[in-house]
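Chain by chain, the residues run as shown.
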Amino acid sequence: MEKTEKVEELISHEDIKEMKKSSYDCDVCKRSFSQKSNLTKHKRIHTGEKPFHCDVCGKSFSRGCDLTTHIRTHTGEKPYRCDICGISFSQRCHLTKHKCIHTGEKPFHCDVCGKLFSRSSDLTTHIRIHTGEKPYHCDICGKSFSDSSALPRHKRIHTGEKPYHCDICGKSFSDSNTLTSHKRTHTGEKPYHCDICGKSFSKNCHLTTHKRNHTGEKLYHCDICGKSFSQNSHLAAHRYIHTGEKPYPCDICGKSFTCNSDLTVHKRIHTGENPYHCDICGKSFSRILHITTHRRTHTGEKPHHCDICGKSFSDSSALPRHKRTHTGEKPYQCDICGKSFSDSSHLTAHRRIHTGEKPCD
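To keep things clear, this report deals only with the structure shown in the data block. Note that this is a predicted model, so its numbers are computed, not measured.

## Overview of the overall build of the protein chain
Logical step 1: Of regular secondary structure, the protein chain possesses 13 helices and 24 strands.
Logical step 2: Its C-alpha atoms give the protein chain a radius of gyration of 28 Å, more than 25% over the compact-globule value 21 Å for 361 residues.
Logical step 3: Viewed in the frame of its principal axes, the protein chain has a C-alpha envelope of about 110 × 45 × 45 Å.
Logical step 4: Burial statistics for the protein chain: of 361 residues in total, 22% are counted as buried.
Logical step 5: Of all intrachain contacts in the protein chain linking residues separated by at least 6 positions in sequence, the fraction that spans at least 24 positions is 4%.
Logical step 6: Mean positive and mean negative side-chain charge positions of the protein chain (59 and 40 charges, respectively) differ by 7 Å.

Right, here's the structure in full:
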């Protein structure tokens, strides 16, 4: 009887000790946690254990909350609703981020360039533009990413997985953001508004890029010639000028391109596809840029203004050409005789003097 009481006392004492522990340490990486349950979840990073399984697609997760969020990709459930504009989200953190669009609050600032962000995670990702850090690596092809969310999206290129389905047309996507953007082609919704000129966009990234037209901000710099760009994709395409690389070949005619989007547009020459239709006159175009410019023939809009003489243009590409009449800049040089031109089309015409090529009718 006395022995049993001592065992009970010992158990009770150990329980009390466990309850009084101020921290629980991981024996692999020594990270500390205030709750034992958090340590248990953390250890799955090291063990790879994923005890929570989706009974629809079989995908496994290390945390129950991640499984709950994932299941919404199948059910379409979006329980978090914005009380200002009514847009719904599958995750609370997405709603929190969205609300900053309405409030304009951006409490996190970059101490390198001063740019402001509504979320600390966005600032962390942004800082890697300056440092070049890419800590997330694909174990299949070795490609690295600065943003953790980009890695699982990238891996779907290898697996072909497209878990996000449009409930209107049935089209499938590898990324939830792409599905959300796609749905706006059905609804016509443009929830992102420029607070300078009032223009609206269906994607936040398009608004961010558009704002650089007003600010003149060019974050992306070529480390070979020093030229700056407002979009990372433009820098990537520009670098091929130096390397001569054209990694996107057309599987119909063999022509190669420096940019995948240029290949997509080129293929419409073969297919005859003109997916962009003017809702005023019905004319169709192969590129969204062309229909945007075309619409201005109906509206008379000329949103691109020269800050030197005030002249306005309906086509964005016409403004930099016009500015060269003021600056005298001639950035297009003939690699045969060295003559320079202010416009790429003039260089193309000039080269025919050397090649003897005749222009297409």
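## Describing the pattern of salt bridges
Logical step 1: For the structure shown, the criterion picks out 19 salt bridges.
Logical step 2: Note that Glu-77 is salt-bridged to Arg-72, the shortest N-O span being 3.7 Å.
Logical step 3: With its nearest N and O atoms 3.9 Å apart, the salt bridge here joins Asp-335 to Arg-351. Of this pair, Asp-335 sits in the loop between strand E23 (332-333) and strand E24 (340-341) while Arg-351 sits in helix H13 (residues 344-355), and the two are 16 residues apart along the sequence.
Logical step 4: Owing to a relative accessible area of 64%, Asp-335 belongs among the exposed residues under this scheme.

## Concerning the nonpolar core
Logical step 1: Listed in full, the five residues of the largest apolar core are Leu-219, Tyr-220, Cys-222, Phe-229 and Leu-235.
Logical step 2: Residues in contact with Leu-235, not counting those within four places in the same chain, are Tyr-220, His-221, Cys-222 and Phe-229.

## Comments concerning the environment of Cys-26
Logical step 1: Of note, Cys-26 is situated in the loop between strand E1 (24-25) and strand E2 (32-33).
Logical step 2: What makes Cys-26 buried here is its relative accessible area of 1%.
Logical step 3: It is 9.9 Å that separates the C-alpha atoms of Cys-26 and His-46, two residues lying 20 residues apart in sequence.
Logical step 4: Residue contacts for Cys-26: discarding those within four places in its chain leaves Arg-31, Leu-39, His-42 and His-46.

## Examining helix H10 (residues 260-271)
Logical step 1: Between the first and last C-alpha of H10 there are 17 Å, a value that for 12 residues agrees with the 16 Å anticipated at 1.5 Å per step.
Logical step 2: Buried residues of H10: Leu-263, Val-265, His-266 and Arg-268, and no others.
Logical step 3: The elements touched by buried residues of H10 are strand E17 (248-249), strand E18 (256-257) and strand E19 (276-277).

## Concerning the environment of Pro-320
Logical step 1: Tracing the backbone through its elements, the reader meets Pro-320 in helix H12 (residues 318-327).
Logical step 2: Note: C-alpha distance between Pro-320 and Ser-342 (22 residues apart in sequence) is 9.7 Å.

## Re unusual backbone geometry
Logical step 1: Although it is not a glycine, Lys-30 adopts a positive phi angle of roughly 70 degrees.
Logical step 2: When you line up the elements, Lys-30 lands in the loop between E1 and E2.
Logical step 3: Residue class for Lys-30 comes out exposed when judged on its relative accessible area of 60%.

## Topic: helix H8 (residues 204-215)
Logical step 1: Over its 12 residues, H8 runs 17 Å from end to end, which matches the ideal 16 Å to within 8%, given 1.5 Å per residue.
Logical step 2: Turning to H8, its buried residues are Leu-207, Thr-209, His-210 and Arg-212.
Logical step 3: Structurally, H8 contributes buried residues whose contacts are with strand E13 (192-193), strand E14 (200-201) and strand E15 (220-221).
Logical step 4: One or two positions beyond H8, positive phi appears at Gly-216, with a value near 75 degrees.

Rules used throughout
- Residues numbered from 1 in each chain as written.
- Predicted model: local features only at pLDDT ≥ 70, side-chain atom pairs only at ≥ 80, totals over all residues.
- Heavy atoms only, no water.
- Helix = DSSP H or I, 4+ residues; strand = E, 2+ residues; numbered from the N terminus.
- Rg over C-alpha atoms; globule rule 2.2 N^0.38 Å.
- Buried < 20%, exposed > 50% of the residue type's maximum accessible area, 1.4 Å probe, protein only.
- Contact = heavy atoms within 4.5 Å.
- Lys, Arg positive; Asp, Glu negative; His and termini not counted.
- Charge placed at Lys NZ, Arg CZ, Asp CG, Glu CD.
- Salt bridge = Lys/Arg side-chain N within 4 Å of Asp/Glu carboxyl O.
- Core = buried A, V, L, I, M, F, W, Y, C linked by side-chain atoms within 4.5 Å.
- Expected span 1.5 Å × (residues − 1).

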